[in-house]
Amino acid sequence: GTICAAPALDGAWLRAQVNRHFEETGEVELRYVDYGGYDRVKINQLRKIRSDFLSLPFQAAEVLLDNVVPLADEDHFSPQADAAVAEMTKGAVLVAQATDYDSATGLPLVELWNLMGDEMLSVNRALVERGLAQRLDQ
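Computed from a predicted structure; not experimentally measured.

## So, the environment of L121
- Mapped onto the secondary structure, L121 falls in strand 9 (residues 119–122).
- In the structure, L121 is positioned 60 residues away from A61 in sequence and 21 Å away in space, judged by C-alpha atoms.
- With near-sequence residues (within four places) excluded, L121 lies in contact with M88, L112, W113, N114, M116 and A126.

In structure tokens form, the structure reads like this:
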């Protein structure tokens, strides 16, 4: 659970939380607490973070899309599904409507909306309509 600074792809440093340590490879699994997402990096790439940065609240919230699951016979969303979510959300004005909590993880379930001018696009529904996910009927 240690908070540290971890390198990002663009040369920036991001706050991250260590989730797991893999002693055999000298790597750690990180969760980026302000940007979101996970990564696995060599432990020697991490840096100690100034104490005043530890008092700032995390800016990213981990959620799950409600009623949307990976396609049959897949345990994770495909890279194409990830790319579609990135395309629909990057730089967009978004609204996340919390609908419930996942019983297994305790994470909020959300319907994610992209506000495009006068229109609202459901990211959840778009993934299903594009054939990148399947709807989970409750």
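## Here's the deal with the pattern of salt bridges
- For the structure shown, the criterion picks out 4 salt bridges.
- Salt-bridge contacts for R50 lead to D52; the nearest nitrogen and oxygen are separated by 2.7 Å.
- On the basis of relative accessibility, which here comes to 53%, the residue R50 falls in the exposed class.
- In this structure D52 comes out as partly exposed when scored by relative accessible area, which is 39%.
- As a salt-bridge pair, E87 and R130 come within 2.9 Å of each other at their nearest N and O atoms. Remark: R130 occurs in the loop between helix 3 (123–129) and strand 10 (134–135) and E87 occurs in helix 2 (residues 79–89); sequence separation between them is 43 residues.
- In this structure E87 comes out as exposed when scored by relative accessible area, which is 53%.
- When its relative accessible area of 42% is taken as the criterion, R130 is described as partly exposed.

## As for the nonpolar core
- By size, the foremost hydrophobic cluster in this structure holds 10 residues: V68, A81, A84, M88, L112, V123, A126, L127, L132 and A133.
- A6, V28, L30 and V41 belong to the second largest nonpolar core, which has 9 residues in total.

## Examining the environment of P79
- Relative to the helices and strands, P79 resides in helix 2.
- For P79, a relative accessible area of 63% gives the class exposed.
- Through-space distance from the C-alpha of P79 to that of E119 is 27 Å; in sequence the pair is 40 residues apart.

## Section: the pairing of strand 4 (residues 38–42)
- Direction of pairing for strand 3 (residues 27–32) relative to strand 4: antiparallel, over a ladder of 5 bridges. When the bridges of strand 4 are listed, V28 appears paired with V41.
- Here strand 3 folds back onto strand 4, and the loop between the two strands holds 5 residues, one of which, G36, carries a positive phi near 95 degrees.

## What to know about helix 2
- Taken residue by residue, helix 2 has A81, A84, M88 and T89 as its buried positions. Along helix 2, the residues classed as buried sweep out an arc of 115 degrees about the axis, all on the same side. Residues of helix 2 that are exposed and point over 90 degrees away from its buried face: P79, Q80 and E87.
- In the stretch just after helix 2, G91 is the one whose phi turns positive, near 70 degrees.

## Side note on the pairing of strand 3
- Burial analysis of strand 3 places 5 of its 6 residues in the buried class, the great majority of the element.
- Note: strand 2 (residues 13–22) against strand 3, 6 bridges, orientation antiparallel. The partner of R20 across the bridge, within strand 3, is E29.
- As consecutive antiparallel partners, strand 2 and strand 3 are separated by 4 residues, and within that stretch G26 has a phi angle of approximately 70 degrees, a positive value.

Cut-offs used in this document
- Residues numbered from 1 in each chain as written.
- Predicted model: local features only at pLDDT ≥ 70, side-chain atom pairs only at ≥ 80, totals over all residues.
- Heavy atoms only, no water.
- Helix = DSSP H or I, 4+ residues; strand = E, 2+ residues; numbered from the N terminus.
- Contact = heavy atoms within 4.5 Å.
- Salt bridge = Lys/Arg side-chain N within 4 Å of Asp/Glu carboxyl O.
- Buried < 20%, exposed > 50% of the residue type's maximum accessible area, 1.4 Å probe, protein only.
- Core = buried A, V, L, I, M, F, W, Y, C linked by side-chain atoms within 4.5 Å.
- Pairing = 2+ DSSP bridges.
- Arc of directions from axis to C-beta.

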